[in-house]
Amino acid sequence: MSDALISGLAGAGAGIVAQLITYPLATVNTRQQTDRNSKKMKKTIGTIEQMCQVVRQEGWDGLYGGLAPSLFGTAASQGVYYYFYQILRNRAETGALERKKNGIGDGSVGMFSSLLVAALSGCVNVLLTNPIWVVVTRMQTHTRKDKDNHTKLVASQDEISVVVEPPPYGTSDAIQEVYGEAGISGFWNGVFPTLFMVSNPSIQFMLYETLLKKIRKRRASSNKGANDVTALEIFLLGAVAKLGATVVTYPLLVIKSRLQAKQDIGADKRHQYKGTLDAMMKIIRYEGFHGFYKGMGTKIVQSVLVAAILFTVKEELVRGARRLLTGRAAISSTR
């Protein structure tokens with residue numbers, strides 16, 4: 001088994017583990033993003049308190065709504081992204097070699113070309129997998145109140161009304177709900193802000209490179225060596241760059257979640273969105289700029305935990321797989 005295959009399988013396994021552990025945070029974060037009440041109308045509660053509230057009112061299932069399609073969506077997104085990334089990367093490398101033959105460049109793919117390949121791969125991924133994330137958002141934001149709306153009352157003149165508990169809200173229910181509201185096009189709600197979200201890694205990379213150059217320039221001027229940057233500093237620079245990219249693009253994530261969540265909310269037109277621009281204007285008008293950053297603290301915590309768990313579990317799986325393969329090889333060689 002090649003190292004590439006081992007790393008790929010370990011990455012997939014680590015991604016699933018990280019998602020299972022942090023999924024309650026993702027559910028709460030989506031609910032925070034789709035909360036349409038202004039700050040003045042509703043007292044803000046903390047993430048942990050909101051998680052406990054969900055468990056009390058809806059049980060543990062409430063924190064894991066949409067987990068199955070989310071896991072499927074993660075696998076599909078990774079597969080689609082890396083498939084098209086490799087195709088586009090190969091074409092970029094071929095083009096770079098052709099230009100080298102003509103006396104242009106050194107035959108390597110430049111930074112701009114690399115960012116373009118990543119952005120195009122991300123756009124294809126968004127267009128193909130957006131329906132999955134619409135379903136996941138619906139299931140994450142489906143609350144006990146929504147379930148009660150489906151409750152049936154069976155009564156007669158001489159009998160007390162009997163409340164019939166509705167069946168669980170599953171993937172098929174979410175699909176039917178989206179289709180019933182907007183038809184096939186409903187599965188691509190929020191696709192435009194999601195496409196713009198592809199810029200997140202580019203912004204992160206730009207911030208990282210800018211900060212790194214400043215540190216190296218300062219070190220060079222103080223005679224400490226231009227490359228004297230520690231691993232801890234690299235880690236902190238990456239964290240700061242990710243935080244900056246999240247702050248810049250988080251409003252797009254909020255708009256995407258608003259558009260993908262259930263739109264039929266009573267008769268209040270303030271809470272219903274016709275598109276990206278309409279959502280943006282209504283959030284500004286009725287909630288202020290604070291509305292664009294609802295749940296950002298939860299998102300940052302979840303992102304950090306996902307990254308930490310992902311890298312830790314991945315490395316352990318890779319080590320375990322290599323030890324297993326090395327042990328088998330040793331046994332085979334003694335026979």
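No experiment lies behind these values; they were computed from the predicted model shown. Counting of residues starts from 1 at the beginning of each chain's written sequence and follows it residue by residue. In keeping with the model being predicted, local features are shown solely for residues with a pLDDT of at least 70 and side-chain atom pairs are shown and tallied solely at 80 or more, while totals for entire chains, interfaces and linings include all residues. Water and hydrogen atoms play no part in the side-chain values, which are based on all heavy atoms of the structure.

Peer 1: How would you explain the pattern of salt bridges if you had to name every residue and give the values?
Peer 2: Pairs may arise between side chains of opposite charge once their charged atoms sit close together. Think of a salt bridge as a Lys or Arg side-chain nitrogen and an Asp or Glu carboxyl oxygen that are within 4 Å of each other. This structure, assessed with the given rule, holds ten salt bridges. Residues Arg89 and Glu93 are paired through a salt bridge, measuring 3.4 Å at the closest nitrogen-oxygen approach. Of this pair, Arg89 and Glu93 both sit in helix H3 (residues 67-101), separated by four residues, roughly a single helical turn. The closest approach of N and O atoms between Arg319 and Glu316, which form a salt bridge, is 2.7 Å. Pair noted here: Arg319 and Glu316 are both in helix H11 (residues 296-334), with a separation of three residues, about one helical turn. Through salt bridges that share partners, Arg138, Glu177, Glu181 and Lys262 make up one connected network. Here a helix means four or more residues in a row that DSSP labels H or I, a strand means two or more in a row labelled E, and each is numbered from the N terminus.

Peer 1: Outline the UniProt feature "transmembrane region" (unreviewed entry) in the chain, listing residues and values.
Peer 2: UniProt positions are given in the numbering used here, feature names are shortened, and annotations may be inferred rather than shown by experiment. In the numbering used here, UniProt assigns the feature "transmembrane region" (unreviewed entry) to residues 6-26, 109-128, 187-208 and 229-253. End C-alpha atoms of residues 109-128 are separated by 27 Å, and the span's content is 90% helix alongside 0% strand. For residues 187-208, the helix share is 73%, the strand share is 0%, and the end-to-end C-alpha distance is 35 Å.

Peer 1: Describe in detail the packing of helix H4 (residues 111-140) against helix H6 (residues 171-182), supporting the description with residues and values.
Peer 2: Put simply, H4 and H6 touch, their axes get as near as 9 Å, and they point 110° apart. Taken together, the axes of H4 and H6 are roughly perpendicular relative to one another. Between H4, through Val134, Val135, Arg138 and Met139, and H6, the contact on the second element is made entirely by Thr171, Ala174, Ile175, Glu177, Val178 and Glu181. Polar here means any residue outside two lists: the nonpolar Ala, Val, Leu, Ile, Met, Phe, Trp, Tyr, Cys and Pro, and the charged Asp, Glu, Lys and Arg; Gly therefore counts as polar. Split by residue class, the contact of H4 with H6 holds six nonpolar, one polar and three charged. To obtain an axis, a line is fitted to C-alpha atoms, over the contacting stretch when the element is a helix, and the angle between two such axes runs from 0 to 180 degrees between their N-to-C directions. For classification purposes, an angle smaller than 35 degrees is called roughly parallel, one larger than 145 roughly antiparallel, one from 65 to 115 roughly perpendicular, and anything else oblique. Should any heavy atoms of two residues lie within 4.5 Å, those residues are considered in contact.

Peer 1: Describe H3, and please don't skip the residues or the numbers.
Peer 2: Given a helix with a known number of residues, its expected span is that number minus one, times 1.5 Å. Look at H3: 51 Å from first C-alpha to last across 35 residues, which is about the 51 Å you get at 1.5 Å a residue. For H3, the full list of buried residues reads Leu67, Pro69, Ser70, Gly73, Ser77, Val80, Arg89, Ala92 and Ala96. Looking one or two places after H3, you find Gly103, whose phi comes out positive at around 85°. For every residue, the accessible area obtained with a 1.4 Å probe (protein chains only) is divided by the maximum for its type, and the residue is called buried under 20%, exposed over 50%, and partly exposed between those limits.

Peer 1: Explain the nonpolar core to me, using residue names and the numbers behind them.
Peer 2: We define a nonpolar core as any set of buried Ala, Val, Leu, Ile, Met, Phe, Trp, Tyr and Cys residues linked to one another through side-chain atoms lying within 4.5 Å. Core analysis: the biggest nonpolar cluster contains seven residues, these being Val134, Val135, Met139, Tyr169, Ala174, Val178 and Phe187. Contributing elements (two or more residues each) for this core: H4 and H6. In terms of residues, this core owes the most to one element, H4, which gives three residues. Apart from residues no more than four positions distant in its own chain, Ala174 is found in contact with Val135, Arg138, Met139 and Tyr169.

Peer 1: Before we move on, could you go through the packing of aromatic side chains and cite the residues and values that matter?
Peer 2: Only Phe, Tyr and Trp rings take part, Trp by its six-membered ring, and two of them pair if their centres are within 6.5 Å. Stacked means planes under 30 degrees apart, edge-to-face means over 60, and tilted covers everything else. Here the structure, examined in full by the defined rule, presents four aromatic pairs. Measuring from ring centre to ring centre gives 6.1 Å for Tyr23 and Tyr64, while their planes differ by 15°; the resulting arrangement is stacked. With a gap of 41 residues between them, Tyr23 in helix H1 (residues 3-33) and Tyr64 in the loop between helix H2 (47-58) and H3 connect regions that are remote in the sequence. Its relative accessible area of 2% is what places Tyr23 among the buried residues. For Tyr64, a relative accessible area of 31% translates into the label partly exposed. Considering the side-chain rings of Phe289 and Phe292, the 6.2 Å spacing of their centres and the 40° angle between planes classify their relative orientation as tilted.

Peer 1: Explain the environment of Ala239 to me, and be specific about the residues and the numbers.
Peer 2: Take Ala239: it is sitting in helix H9 (residues 231-260). Residue classification places Ala239 among the partly exposed residues on the basis of a relative accessible area of 40%. Each C-alpha atom, one on Ala239 and one on Val304, is 8.7 Å from the other, the two residues being 65 residues apart in sequence.

Peer 1: With reference to specific residues and values, describe the packing of H3 against H4.
Peer 2: It is the contact of H3 with H4, at a shortest axis distance of 8 Å, that shows an interaxial angle of 165°. Regarding the angle of H3 to H4, the classification is roughly antiparallel. Remark: the crossing between H3 and H4 carries right-handed chirality. Looking at the contact of H3 with H4, its residues break down into 18 nonpolar, nine polar and one charged. Should the near helix be turned counterclockwise from the far one by less than a right angle, the crossing is left-handed, whereas a clockwise turn marks it as right-handed.

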